[in-house]
Amino acid sequence: MPWSFRRADDTPVRAEARYPVLVVVALVLLALIVVVFLFADWLAPYDYRAQALLKRLRPPVFLGGTTDHLLGTDELGRDVLSRLIYAIRFSVLVALGGTLIGALIGTALGFIAAHFRGFVEEAIMMLADVQASLPFMMIALALIAMFGGGFLLFIAIMGFYGWEVFARLTRGVVIAANTQGYATAVVALGAPARHVYLRHILPNILSVLIVQFTLNFPQVILLETSLSFLGLGIRPPLTSLGQMLGAGRAYLTTAWWIAILPGMAIFLTTMSISIIGDWVRDRLDPTLQSR
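If you had to explain the layout of surface pockets to someone new, which residues and values would you point to?
As a volume, the largest pocket reaches approximately 410 Å³. Among the secondary structure elements, those contributing two or more residues to the lining of the largest pocket are helix H1 (21-38), helix H3 (80-116) and helix H11 (257-284). In terms of residues, the lining of the largest pocket owes the most to one element, H11, which gives five residues. If you trace the second largest pocket, you find 13 residues lining it, with Leu-30, Val-34, Leu-96, Phe-217 and Ile-273 closest to the centre. Listed by contribution, the elements that provide at least two residues to the lining of the second largest pocket are H1, H3, helix H9 (193-229) and H11. A per-element tally of the lining of the second largest pocket places H1 first, with five residues. By residue class, the composition of the lining of the second largest pocket is 11 nonpolar, two polar and no charged.

Residue-level account of unusual backbone geometry, with values.
Note the cis peptide between Pro-236 and Pro-237, where omega equals 10 degrees. Phi angles above zero are rare outside glycine, and Leu-57 is one such case at about 60 degrees. Mapping Leu-57 onto the fold places it in the loop between helix H2 (40-43) and H3. Classification of Leu-57 as partly exposed rests on a relative accessible area of 25%. Of note in the backbone geometry, Arg-117 takes a positive phi value of approximately 55 degrees without being a glycine. Inspection of the secondary structure assignment puts Arg-117 in the loop between H3 and helix H4 (118-133).

Tell me about the pattern of salt bridges, residues and numbers included.
As enumerated under the stated definition, the model contains eight salt bridges in all. With a closest N to O distance of 3.3 Å, Arg-89 and Asp-41 form a salt bridge. In this pair, Arg-89 is assigned in helix H3 and Asp-41 in helix H2, connecting sequence segments 48 residues apart. Look at Arg-89 and you get buried, because its relative accessible area is 16%. By relative accessible area, which is 45% here, Asp-41 ends up partly exposed. With a shortest N-O distance of 3.0 Å, Glu-121 and Arg-117 are connected by a salt bridge. The class of Glu-121 is buried, set by a relative accessible area of 9%. On the accessibility criterion, Arg-117 (36% relative accessible area) is partly exposed.

Definitions and cut-offs
Residues numbered from 1 in each chain as written. Predicted model: local features only at pLDDT ≥ 70, side-chain atom pairs only at ≥ 80, totals over all residues. Heavy atoms only, no water. 1 Å grid on protein atoms, 1.4 Å probe; cavity = no way out; pocket = protein on both sides within 12 Å on 5 of 7 lines; lining within 4 Å. Points joined across faces, edges and corners; volume = space filled by probe spheres on them. Helix = DSSP H or I, 4+ residues; strand = E, 2+ residues; numbered from the N terminus. Nonpolar A, V, L, I, M, F, W, Y, C, P; charged D, E, K, R; others polar. Buried < 20%, exposed > 50% of the residue type's maximum accessible area, 1.4 Å probe, protein only. Salt bridge = Lys/Arg side-chain N within 4 Å of Asp/Glu carboxyl O.

Structure below.
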């Protein structure tokens, strides 16, 4: 039953929980991910690249293993816990950098399209249509084949994902904001377009962009893990969740923890961010709050 209390006039009032249970769980998981991301150097008990063939395929402690390797070791004797900690760091770093680059490019193009209109707007929207019509996996594979590997280059390639969504969204909300009273008043006072967009319109549409950022972030994580799983993303000696998952698929029947543990990390990370993104959207969207 929902909690209730009474006002001074003895009228019962319901006190709904401010945060749903799933959102609280997602926030806790996200906090753990942030801690791992920031303090991986201190949390990892071993060097994630250190190999010890005499200790290969040791089980986790909950399957009878020793406390020296709490989550066991992989096919090269590397500590799975240490690799998992650094895999979360590298995967989140790629997703964060890629989503941020896509958001900046798409937002800038959206402002340009909304300001110039006409041919410039049609050209930008045509590019967005082309991007949306092509599977991004194919685009990423072509770019990787042309430019090769590299951690920073891979982040830049991930930045091409989702920019068209930000461009369409920004263009629409900026055009709508230009018709609002505060924007027309500032323009009437003679303020330059850059001042109007950066000081007045951008702060008013920032919540919409933040929501889209939280929705794109887990998609970039899944894209990174898919490419790394195929051996085309983050490459050794670095590690990532997708790379660990791909390396462990050959040992599912003998050492399942090598693949299952990073798979669970992928699931929990994307689920928590998706739940928080949906919750933030519901909180910031006035049309949903009024229902």
